[in-house]
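One letter stands for each residue in the lines below.
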Amino acid sequence: MELQLSRRQAFWALNGLPAIGPVSLNRLLAAFSGDPCRALTASRPELESIKDLQRKAVDVLLDWPRHFNLEREMAQAERRGVDFVSCEDEDYPPLLKEISDPPIGLYRLGKYDFKKPSIAIVGTRNCTLYGQSVTQRFAKELAQLGFCVTSGMARGIDTYAHKGALEVEGGATVCVFGCGIDIVYPPENVDLFREAQVNGAVVSEFPFGRRADRQTFPMRNRVVSGMSHAVIVVESDDSGGSMITARFAGEQGRLVCAIPGRIDQKASKGSHQLIRDGAVLLRSVDDLLEELAHLQLVPDLETGESSLEKEMRLPPLEGDEARVAKLLSGGESASLEALGEKLGKNVSEISVLLMTMELKGAVAKRLDGRFELAMRG
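Scope of this entry: the structure provided in the associated data block.

So, how was this worked out
Residues numbered from 1 in each chain as written. Predicted model: local features only at pLDDT ≥ 70, side-chain atom pairs only at ≥ 80, totals over all residues. Heavy atoms only, no water. Helix = DSSP H or I, 4+ residues; strand = E, 2+ residues; numbered from the N terminus. Buried < 20%, exposed > 50% of the residue type's maximum accessible area, 1.4 Å probe, protein only. Pairing = 2+ DSSP bridges. Right-handed = clockwise from strand over helix to strand, strands pointing away. Phe/Tyr/Trp six-rings, centres within 6.5 Å; stacked < 30°, edge-to-face > 60°. Lys NZ or Arg CZ within 6 Å of the ring centre and 35° of its normal. Contact = heavy atoms within 4.5 Å. Axes fitted to C-alpha atoms, helices over the stretch in contact; angles between N-to-C directions. Core = buried A, V, L, I, M, F, W, Y, C linked by side-chain atoms within 4.5 Å.

## A short note on unusual backbone geometry
- Of note, the bond from Tyr185 into Pro186 is cis; its omega dihedral lies within 30 degrees of zero at 0 degrees.
- The topology assignment puts Pro186 in the loop between strand S5 (172–176) and helix H10 (190–198).
- Non-glycine residue Ser33 carries a positive phi angle of around 55 degrees.
- In this fold, Ser33 is placed in the loop between helix H2 (22–31) and helix H3 (36–41).
- By relative accessible area, which is 73% here, Ser33 ends up exposed.
- Although it is not a glycine, Met153 sits at a positive phi angle of roughly 55 degrees.

## A closer look at the pairing of S5
- Most of S5 sits inside the fold, with 5 of its 5 residues counted as buried.
- Pairing between strand S4 (residues 148–151) and S5: 4 bridges, direction parallel. Paired with Cys148 across the bridge in S5 is Ala172.
- Handedness of the crossover is the feature at issue here: the chain leaves S4, passes through helix H9 (residues 157–166), returns alongside S5, and the resulting connection is right-handed.
- Relative to strand S6 (residues 200–204), S5 is paired through 4 bridges, and the arrangement is parallel. Considered in S6, the bridge of Thr173 is made with Gly200.
- In this region the chain leaves S5, passes through H10 and returns to the parallel neighbour S6; the handedness of that crossover is right-handed.

## Details of the packing of aromatic side chains
- The full count for this structure, using the stated rule, is 6 aromatic pairs.
- Ring geometry for Phe84 and Tyr107: centres 5.4 Å apart, planes at 80 degrees, overall edge-to-face. On the criterion of sequence distance, the pair formed by Phe84 in strand S1 (residues 83–86) and Tyr107 in strand S2 (residues 105–109) is long-range, its members being 23 residues apart.
- The exposure class assigned to Phe84 is buried, which follows from its relative accessible area of 2%.
- Taking the relative accessible area as the measure of exposure, Tyr107 reaches 0% and is therefore buried.
- Here Arg155 stacks its cationic end above the ring of Tyr185, 5.8 Å away from the centre of that ring.

## Section: the sheet that holds strand S9 (residues 280–281)
- The 9 strands lie next to each other as S1-S2-S6-S5-S4-S3-S7-S8-S9, forming an open sheet whose pairing is mixed. If you trace the sheet from one side to the other, it starts and ends with S1 and S9, each paired once.
- Alignment of S1 against S2, held across 4 bridges, turns out to be antiparallel. Across the sheet, Phe84 pairs through a bridge with Tyr107, a residue of S2.
- Taken strand by strand, helix H1 (residues 7–16) contacts S1 and S2, and its axis lies near 95 degrees from that of S1.

## With respect to the nonpolar core
- Counting 42 residues, the largest nonpolar core has Leu14, Leu17, Leu28, Leu47, Leu53 and Leu61 as its most contacted members.
- Mapped by element, the contributors of at least two residues to this core are H1, H2, H3, helix H5 (55–62), helix H7 (70–80), S2 and H10.
- With 5 residues, the single largest contributor to this core is H1.
- Those residues in contact with Leu53 that sit more than four places away from it in its chain are Ile20, Ser24, Leu28, Leu47, Val58 and Leu61.

Here it is in structure tokens:
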């Protein structure tokens, strides 16, 4: 059966094949210089020469149309308004490309710009009232600062993370599914599923109809951490799925954080273990921002670019931000109170303004509490 496929269609077909996971898929593509069309038309000797590619995978690849109906999948995507974003597409999450075993494609509902900064919040399904409250507050504050809140839309902490972000006007959240994007799980989160598409996105690497199982959840977890600058664990048992997400985050070079809970609560065992193992203890969102700044990982809220990646120049500033930059030009420094007085703003207003500028890498707070420009042209 000879099919003429575009590269995007070839990625889509490879992504949907059984018996070949993301590690093998990336190894397969590497063997053919990243060309998905070549991977689908290769001979048996070519495929069998690829290290660690299982015989079952070779058999599936040689007769792939029998194992994945691409035409039917594309028709269903069009009917449901779903995009398939390949790893070559501009819309693919740039952070996710950095991990060792990225999905070669994602099913997506919603038009969210994945270049914007993301923080993952994860935790147990059996959360406490304290966990619900803290999660919702952190998510809301992060959304107010311009971060997208990413999680897995499971019951418990995940749900409250998404809800907290969506409380904010203009707040964004991304739901990462551990099943096909056509299966809303848990079903009671159907309204959240719909709202996330408008104010963020819903994504999955799995074909339509794929049910969640022991294999898909860890795969989902690596995507949650992989597309985020940092992972916050709120409540987790010491053997919970959130611990897997935290482990992935550490392996991927992401910042791992945990919020402490009561020492007599089972739901806090995992969070406390992470803190003992070196995770950043968070008392507030400010602790997270300080740690990101210390590691030079503070993303620009417009582009998602980290401060480490920026050139030594001021980012584009307008309005009150430009006025602050002018006051601090020429190497000048000023206290928060002095800047507020010159701009006619109260302490609360100037604090929010300066925090936003710190996130953009435009200003820095000195040890004496005064502010100065962080970058000079």
